[in-house]
Amino acid sequence: MNNKKRKEKPALRQGISKKTGLTIFTLVMLIMGVIIACYHNPLANQTDELIKKIIACTLIAAAVVAVLKFYDKIILLPFELYQNRRLIWRLAKNDFKRRYAGSYMGAIWAMVQPVVTVAMYYVVFQVIMPQKAQLLGDGIEVPYLVFLTAGLVPWFYFSEALTNGMMALLEYEYLVKKVVFKISILPIIKIIAATFIHGFFVLVLLIIAFLYGFTPSLYTLQIFYYSFCMFALVLAISYTTCSVVIYFRDLQQIVAIGLQIGMWATPVLWQLGSMSKKAQMLVKINPLVYIVEGYRSSIYEKQWFWEDFYSTMYFWIITVVLFCIGALVYKRLKVHFADIM
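Cut-offs and rules
- Residues numbered from 1 in each chain as written.
- Predicted model: local features only at pLDDT ≥ 70, side-chain atom pairs only at ≥ 80, totals over all residues.
- Heavy atoms only, no water.
- Core = buried A, V, L, I, M, F, W, Y, C linked by side-chain atoms within 4.5 Å.
- Buried < 20%, exposed > 50% of the residue type's maximum accessible area, 1.4 Å probe, protein only.
- Contact = heavy atoms within 4.5 Å.
- Salt bridge = Lys/Arg side-chain N within 4 Å of Asp/Glu carboxyl O.
- Helix = DSSP H or I, 4+ residues; strand = E, 2+ residues; numbered from the N terminus.
- Expected span 1.5 Å × (residues − 1).
- Polar contact = N/O pair within 3.5 Å; in protein donor to acceptor, adjacent residues only side chain to side chain.

(A) Here's a closer look at the nonpolar core. The biggest cluster of nonpolar side chains holds 98 residues, and the ones touching the most others in it are Leu186, Ile188 and Ile291. Look past the residues within four positions of isoleucine 291 in its chain and what remains in contact with it is Pro154, Tyr226, Cys229, Met230, Leu233 and Phe315.

So this is what it looks like as structure tokens:
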């Protein structure tokens, strides 16, 4: 045990010191807490605003306590990812190419899939069962196909990245059993590979929006921000799921069922604005709502992400908390991976 600690600490010393790291993290969380406490929206319901502040400050306090107590275990994971960033990029590209190896069209299949998916939804919702245009609060009518595609693109990314990230250690079982290999990089490799496919989906979304008259603008650039949000969220969740699935293989089926339910619990096929304010607050507990609605605001709502202050703060707080949990779970279960697989 002592030998293990001695091996880890020199690596940590190559970066910032523990005291500096704790100070920076605590200071950032404190600033976020003060901003949330001082922020006031005169148009919002004051009771709802108070509830949001309490929830956000509670999550910030929980994150600070967890990092103060388990700093060495939590910081080791992002440190390893940063150290191996070049290797991660190479392996992610190889993983993407390997997926289509042996096929005549190769990586072109990654572009065919989103085109066929959107074409299928077009036939169903525009030809067989024509859907009405979605009417936004400011009176803008959005064709249902544009509305639907803007919700499906981030959802498909989440679904594929989460599934692949969860199965990363099992798929690369031969690497897990190698003592010298940093297996912590495997989930992020699968997620980056899924990001390549997501890029094709985003391209299809922009083309469809353009054909319906929604030309790209500065707001459209926010898609990069919301894609990064999804990347960070999936990565945070994947370190928990990829660790637990080795011990509990039924998690694969549970996650698959959860994704089926989650698609309907997230406003992908339906409009969030159609619900009451109370119901919207409940639905927004799901961090995916922030991203799905963000993609839509980037395409046609012309709204910057910081304008939805509480949702932005809540999303990043919950993502940090989930990453801390994932890092702790991964660190705790990692020692027996090779024995069980």
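So that's the structure; there's more coming.
(B) Quick look at the pattern of salt bridges. Under the criterion given, the structure shown has 4 salt bridges. A salt bridge links aspartate 95 to lysine 190; the nearest nitrogen and oxygen atoms lie 3.0 Å apart. Placement of aspartate 95 in helix H4 (residues 85-99) and of lysine 190 in helix H9 (residues 186-211) is noted, with a sequence separation of 95 residues between them. For aspartate 95, a relative accessible area of 2% puts it in the buried group. Judged by its relative accessible area of 4%, lysine 190 is buried.

(C) How the structure looks around helix H13 (residues 287-301). The end-to-end C-alpha distance of H13, which contains 15 residues, comes to 19 Å, matching closely the 21 Å that a straight helix rising 1.5 Å per residue would cover. Within H13, 13 of the 15 residues are buried, which leaves it mostly tucked inside the rest of the structure. Put simply, asparagine 286 is the residue that caps the front of H13, since its side-chain oxygen is 3.0 Å from the backbone nitrogen of leucine 288. One or two residues past the end of H13 sits lysine 302, with phi positive at roughly 55°.

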